[in-house]
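Chains, contacts and geometry: an overview
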Amino acid sequence: MIFEYTLKTDHMYMTSITDCVRSAVKKSGVKSGICVVYCPHTTAGITITENTDSEVSSDIMYGLAKSFPNWIGYKHYEGNSAAHLLSSVIGASAVLIVEGCQPILGPLQGIYFCEFYGNQRRKYFVKVIADK
Amino acid sequence: MIFEYTLKTDHMYMTSITDCVRSAVKKSGVKSGICVVYCPHTTAGITITENTDSEVSSDIMYGLAKSFPNWIGYKHYEGNSAAHLLSSVIGASAVLIVEGCQPILGPLQGIYFCEFYGNQRRKYFVKVIADK
Amino acid sequence: MIFEYTLKTDHMYMTSITDCVRSAVKKSGVKSGICVVYCPHTTAGITITENTDSEVSSDIMYGLAKSFPNWIGYKHYEGNSAAHLLSSVIGASAVLIVEGCQPILGPLQGIYFCEFYGNQRRKYFVKVIADK
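Residues numbered from 1 in each chain as written. Chains lettered and ligands numbered in written order. Predicted model: local features only at pLDDT ≥ 70, side-chain atom pairs only at ≥ 80, totals over all residues. Heavy atoms only, no water.

**Describing the relation of the copies chain A and chain B**
The following threshold applies: The copies were overlaid with a least-squares fit restricted to C-alpha atoms from residues scoring a pLDDT of at least 70 in each copy.
Each copy of the sequence occupies a distinct position, and chain A is placed on chain B by a rotation of 120° and an axial shift of 0.0 Å, giving an RMSD of 0.0 Å. Such values leave the two copies arranged in the relation of a three-fold axis.

This is how it looks when you write it as structure tokens:
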């Protein structure tokens, strides 16, 4: 069983998807195992970061844009190479451990969908694997 | 069962390994589960990015070299610390969801072996886990 | 079964956790499968890099600090946004393939806990999944 979710994103914005991932793990019926959250887009990604002060995620997006500017010399015709690069740096997936029918997260951790290019309708998948 | 593949790489070049990963998943006989692609080298990595315009992958390598230059102050005697850093930033593995005997990929996604240091003979592993 | 380990960290320092991960895999009794190493903190992460010359890991930390400085413009009240960003760039987990009761590692690879913020007591989890 695979769970698919959709969301509407904003440019250089992180959307919390923690509740949906928790819900998928619960619905899977898996008590102990692992969980993969996967983004099928090449200008977006999945990360885990602090869930209390929303300025953490906006600062991360700000810092990523500063460290990975739109370099002169990029050749891709769509002009969004910086977004593709960020997708590779942050990564297309997050892998979590499942215990007690829940993904294990630190007390300050949340799971986030990262949009690096425009405002779009996006999707992601959640797969849960039992350990036996 | 674990699948091992070898390839000859070029410096700061991404080689598509999508077909080999698809083939490994098919050979594994797993219909539904997850797939891990793993790079056992410390100056290379695995990423997922756009598979249509090859200038995307060359732009990503160009941007990575710009954002992570060979900083004055590196001490490692081999002089390839920038390559080791890129290996950690991009990561040694990619994790995919398997459904219908295939890795789930977005329509524009391919799986790539990233070479950050020289032209070499490299290898990578593919492991597939069923969900039951 | 999930394995939990604690460690005392130093600021911008990588601690090898390879032996603990090997030990967890052995204790799990899993011969063939995968292994997830997970960091539940938002200013730390897990990576895989060279295990022979310790200047590789110190160079990586040096290079990360150079490429991701404490940008003017960060708003998070704790002032540690650069550490949160590094946690997302390096990632909260490493995924390894298990074969012959051991995690597969290249001859030069080790598994490292990366501390991006202060000297702290930290923990991480190891979960092993069999392939059948």
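**Notes on the packing of aromatic side chains**
Definition in use: Any Phe, Tyr or Trp ring, taking Trp's six-membered ring, that has another such ring centre within 6.5 Å forms a pair; planes under 30 degrees apart are called stacked, those over 60 apart edge-to-face, and the others tilted. Helix and strand definitions here come from DSSP, where helices need a minimum of 4 consecutive H or I residues and strands a minimum of 2 consecutive E residues; each element is numbered from the N-terminal end. The cut-offs for exposure are 20% and 50% of the maximum accessible area for each residue type, with area from a 1.4 Å probe on protein chains only; residues under the lower value are buried, those over the upper are exposed, and the others partly exposed.
Evaluation of the coordinates by the stated rule reveals 12 aromatic pairs over all chains. Ring geometry for F113 of chain B versus Y124 of chain B: centroids 6.2 Å apart, planes at 45°, classification tilted. Of this pair, F113 of chain B sits in strand β7 (residues 109-115) while Y124 of chain B sits in strand β8 (residues 121-130), and the two are 11 residues apart along the sequence. With a relative accessible area of 0%, F113 of chain B lands in the buried category. A relative accessible area of 2% means that Y124 of chain B is categorised as buried. What links up through ring pairs into an aromatic cluster is the set Y5, F113 and Y124 of chain A.

**Points about the interface of chain C and chain A**
Filter applied, for reference: Here, residues are in contact when the closest pair of their heavy atoms is within 4.5 Å. A quick way to say it: buried area is the sum, across both parts, of accessible area lost when two parts are put together, with a 1.4 Å probe. The term salt bridge refers to a pairing of a side-chain nitrogen on Lys or Arg with a carboxyl oxygen on Asp or Glu at a separation within 4 Å. The definition of a polar contact used here is a pair of N or O atoms within 3.5 Å, where within protein one atom must be able to donate a hydrogen and the other to accept one, and adjacent residues in sequence count solely through side-chain atom pairs. Polarity classes work like this: nonpolar for Ala, Val, Leu, Ile, Met, Phe, Trp, Tyr, Cys and Pro, charged for Asp, Glu, Lys and Arg, and polar for all others, with Gly in that last group.
Across the boundary between the two partners, chain C contributes 34 residues, which contact 33 residues of chain A. Counting the surface lost from both chain C and chain A, the interface buries some 2600 Å², and carbon and sulfur atoms represent 64% of this. Inspection of the region where chain C meets chain A yields 2 salt bridges. For E99 of chain A, the salt bridge identified is with K127 of chain C, shortest N-O distance 3.3 Å. Inspection of the chain C/chain A interface yields 14 residue pairs in polar contact (both at pLDDT 80 or more). Contributing elements (two or more residues each) for the side of chain C that touches chain A: β3 (32-38), α3 (81-90), β5 (93-99) and β8 (121-130) of chain C. For the side of chain C that touches chain A, the leading source of residues is β8 of chain C, giving 6 residues. Class assignment for the residues of the side of chain C that touches chain A results in 21 nonpolar, 9 polar and 4 charged.

**Quick word on the sheet that holds strand β7 (residues 109-115) of chain A**
All names here are of chain A. The criterion, for reference: For two strands to be treated as a pair, DSSP must find no fewer than two bridges joining them. A fitted line through C-alpha atoms represents every axis, and for helices the fit uses only the stretch in contact; the resulting angles, taken between N-to-C directions, go from 0 to 180 degrees.
If you walk across this open sheet you meet the 3 strands as β2-β7-β4, and the pairing is antiparallel. Both outer strands of the open sheet, β2 (13-16) and β4 (44-50), are each paired with one neighbouring strand and no more. Put simply, the sheet's adjacent strands are angled 35° from each other on average, direction ignored. The pairing of β4 with β7 spans 7 bridges and is classified as antiparallel. Counted as the bridge partner of I46 is F113 from β7.

**So, helix α1 (residues 18-28) of chain C**
All names here are of chain C. Let me state the cut-off plainly: Here the arc refers to the set of directions running from the helix axis out to each C-beta atom.
Looking at α1, one finds that the buried residues are T18, V21, A24 and V25. Here the buried residues of α1 occupy an arc of 125° about the axis, which is enough to place them on one side. Across from the buried face of α1, at angles greater than 90 degrees, the exposed residues are D19, K26 and K27. In the stretch just after α1, G29 is the one whose phi turns positive, near 80°.

**Looking at the packing of helix α3 (residues 81-90) of chain B against helix α2 (residues 54-67) of chain C**
In plain terms, the rule: Note on angle classes: values under 35 degrees are labelled roughly parallel, values over 145 roughly antiparallel, values of 65 to 115 roughly perpendicular, and the remainder oblique.
The N-to-C vectors of α3 of chain B and α2 of chain C enclose an angle of 75°; their axes lie 9 Å apart at closest approach. As the angle between them shows, α3 of chain B and α2 of chain C are arranged roughly perpendicular. Facing S81, H84, L85, S88 and V89 of chain B of α3 of chain B, the residues of α2 of chain C in contact are V56, D59, I60, G63 and L64 of chain C. Across the contact of α3 of chain B with α2 of chain C, the residue classes tally to 5 nonpolar, 4 polar and 1 charged.

**A look at the interface of chain A and chain B**
Between chain A and chain B, the contact holds 35 residues from the first and 33 residues from the second. Buried surface at the junction of chain A and chain B, summed over both partners, amounts to about 2600 Å²; 64% is from carbon and sulfur atoms. Between chain A and chain B we count 2 salt bridges in total. For the pair chain A and chain B, the interface holds 14 residue pairs in polar contact (both at pLDDT 80 or more). Among the secondary structure elements, those contributing two or more residues to the side of chain A that touches chain B are β3 (32-38), α3 (81-90), β5 (93-99) and β8 (121-130) of chain A. Of the residues assigned to the side of chain A that touches chain B, the class counts are 22 nonpolar, 9 polar and 4 charged.

**Quick notes on the sheet that holds strand β2 (residues 13-16) of chain B**
Consider a sheet: its strands pair through backbone hydrogen bonds, and that pairing is either parallel or antiparallel. Residue and element names in this part refer to chain B. Read from one edge of the open sheet, 3 strands run β2-β7-β4, paired in antiparallel fashion. In this open sheet, the two edge strands, each paired with only one partner strand, are β2 and β4 (44-50). Each strand of the sheet is rotated relative to its neighbour by a mean of 35°, with strand direction disregarded. Against the sheet, helix α2 (residues 54-67) touches β2, β4 and β7, its axis set at about 145° to β2.

**Side note on the confidence of the model for chain A**
Let me state the cut-off plainly: You can read pLDDT as the predictor saying how much it trusts each residue, on a scale of 0 to 100.
On average, residues of chain A carry a pLDDT of 97, and 100% of them reach 70 or more. Interface confidence for the predicted complex, given as ipTM, is 0.97, next to a pTM of 0.98.

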